[in-house]
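Fold and contact review
So the chains spell out like this:
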Amino acid sequence: MGSEEVLAVRAHQLAKRYRRRWALRGCSLSLPQNRVVALVGHNGAGKSTLMGLIAGLLKPTEGEIEVFGRRPSGTGAPVEVAYVAQQKPLYPGLTVAESLRFAARMNTRWDQDYAERLIRAAEVPLDGKVGKLSGGQRTRVALVLALGKRPGLLMLDEPLAELDPLAREATMRTLQEESRQHGIGVLLSSHVLEELGTVCDHLVLLGNGRVRLDGSVADLVAGHRVLRGDGQPPVAPGEIIDSSRSGHEQVLLTKRSGPVAAPGWREHTPRLNDIALAYMRNNDDDNAEVAA
Ligand SMILES: Nc1ncnc2c1ncn2[C@@H]1O[C@H](COP(=O)(O)OP(=O)(O)OP(=O)(O)O)[C@@H](O)[C@H]1O
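Residues numbered from 1 in each chain as written. Predicted model: local features only at pLDDT ≥ 70, side-chain atom pairs only at ≥ 80, totals over all residues. Heavy atoms only, no water.

Under an unreviewed UniProt entry, the name given to the protein chain is ABC-2 type transport system ATP-binding protein, and the source organism is Saccharopolyspora antimicrobica.

Below you can see the structure in the form of structure tokens.
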């Protein structure tokens, strides 16, 4: 990461233990502002825990974390941070319009015009009761309530799960535009890996509570190659992150940036989800990579 980049989050050796179980350990990372960051990892990898620590809803057991240069309180989110948790914090008895008015009273930075514009774009009825909306519509409302706060960092825990493909595309586009036009940082946890590659600038991959990958998408893609062929792999075993078969061929995801000139082997540039899946499938610490 370039030294000129503004950081939304800096964590050093951050760790969180619930009773005797470590949910997050040795987590050191820097999340840039003005970027869309994908947070991925298997179920129970520690994504929600990391978000809770950044949001100031959880206290670290060990290590340090700074959000916009300050330590989160451990009792509530800083004003610059909007967090949409998996259980979306909505009042089912309010209409959408009432929910926006309530948010306006609770948030000093609230932008009502912008929130109404986003609700109209999402085609959610302003007079609809939140409790009667579909799961996807509730997600859109929760997102608008977060964006309307005009946060410096927006964190979304699994926002795409209940959205149809069109709503997913629209949501991702909104997040990307927000990040580019208003310079906000977006941290997005998701299991929908295919869509992340087109929108995210940065990837953090957690495995068993540890950071396995942390880097810009451009650097991660440039630092890996997919090799297809048969016979003896033309790279050192330590460079192979994942190996599978497709028909007669071996398919290797390798950690290297230079070309591989080997008869019988073809190479191509991986997609972000090829890289993420390979690391998730091979979830051991030997392959851990933390890009600067
Ligand atoms: N309140 C809690 N009390 C005890 N253990 C917890 C608590 N919250 C999470 N854990 C444990 O911590 C680990 C990390 O959980 P976390 O919810 O952060 O993972 P996640 O990556 O968000 O998972 P998912 O993709 O399933 O949402 C898991 O082993 C989980 O069981």
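1. A short note on the overall build of the protein chain
Each helix and strand counted, the protein chain has eight helices and 14 strands in total. Over its C-alpha atoms the protein chain spans a radius of gyration of 20 Å, differing by no more than 12% from the 19 Å that the globule rule assigns to 292 residues. Going through the 292 residues of the protein chain one by one, you find that 50% of them count as buried. Taking the intrachain contacts of the protein chain between residues at least 6 apart in sequence as the baseline, contacts between residues at least 24 apart amount to 68%. Per element, the accessible surface of the protein chain, about 14100 Å² overall, is 48% carbon and sulfur. (Helix = DSSP H or I, 4+ residues; strand = E, 2+ residues; numbered from the N terminus. Rg over C-alpha atoms; globule rule 2.2 N^0.38 Å. Buried < 20%, exposed > 50% of the residue type's maximum accessible area, 1.4 Å probe, protein only. Contact = heavy atoms within 4.5 Å. Areas by Shrake-Rupley, 256 points an atom, 1.4 Å probe, with all protein chains shown as cover.)

2. Considering the site of the ligand
Around the ligand lies a shell of 13 residues, among which R21, G44, K47, S48 and T49 are the nearest. One nitrogen or oxygen atom from the side chain of R21 is found 2.9 Å from an oxygen atom belonging to the ligand. Within the complex, the protein chains bury 64% of what would otherwise be the 640 Å² of accessible surface of the ligand. With three residues, helix α1 (residues 47–54) is the largest single contributor of residues to the shell around the ligand. Taken together, the residues that form the shell around the ligand break down as three nonpolar, eight polar and two charged. (Near = heavy atom within 4 Å. Polar contact = N/O pair within 3.5 Å; in protein donor to acceptor, adjacent residues only side chain to side chain. Nonpolar A, V, L, I, M, F, W, Y, C, P; charged D, E, K, R; others polar.)

3. Here we look at the pairing of strand β11 (residues 240–246)
Where β11 and strand β12 (residues 249–254) come together, six bridges link them in antiparallel fashion. The residue bridging R245 from the neighbouring strand is Q250, located in β12. The antiparallel hairpin formed by β11 and β12 contains two residues in its connecting segment, where G247 sits at a positive phi of about 65°. (Pairing = 2+ DSSP bridges.)

4. Some details on the pattern of salt bridges
All chains considered together, the criterion is met by 10 salt bridges. Where R150 meets D111, a salt bridge forms, and the shortest distance between an N and an O atom there is 3.1 Å. Remark: D111 occurs in the loop between α2 (96–106) and α3 (112–121) and R150 occurs in the loop between α4 (135–147) and β6 (153–157); sequence separation between them is 39 residues. Looking at R150, the relative accessible area reads 23%, which means it is partly exposed. A relative accessible area of 22% means that D111 is categorised as partly exposed. For the salt bridge of R150 with E178, the shortest nitrogen-to-oxygen distance reads 3.6 Å. With a gap of 28 residues between them, R150 in the loop between α4 and β6 and E178 in helix α5 (residues 165–182) connect regions that are remote in the sequence. Here E178 falls in the buried class, since its relative accessible area comes to 6%. The network of salt bridges with shared partners includes D111, R150 and E178. (Salt bridge = Lys/Arg side-chain N within 4 Å of Asp/Glu carboxyl O.)

5. Comments concerning the sheet that holds strand β10 (residues 225–229)
The strand order β11-β12-β10-β13 describes an open sheet built from four strands, whose pairing is antiparallel. Edge strands, defined here as strands with exactly one partner in the open sheet, are β11 and β13 (265–268). Pairs of neighbouring strands in the sheet enclose a mean axial angle of 20°, with direction left out of account. Looking at chain direction, β10 and β13 are connected through four bridges and run antiparallel. Following the sheet pairing, G229 is matched in β13 by W265. (Axes fitted to C-alpha atoms, helices over the stretch in contact; angles between N-to-C directions.)

6. Looking at the nonpolar core
In terms of nonpolar packing, the biggest core is built from 55 residues, with V40, V141, L154, L156, L175, L188 and L196 touching the most fellow members. It is α4 that contributes the most residues to this core, seven residues altogether. In this view, L196 contacts A38, V40, M172, L188, S190 and L272; residues no more than four positions away in its chain are not counted. (Core = buried A, V, L, I, M, F, W, Y, C linked by side-chain atoms within 4.5 Å.)

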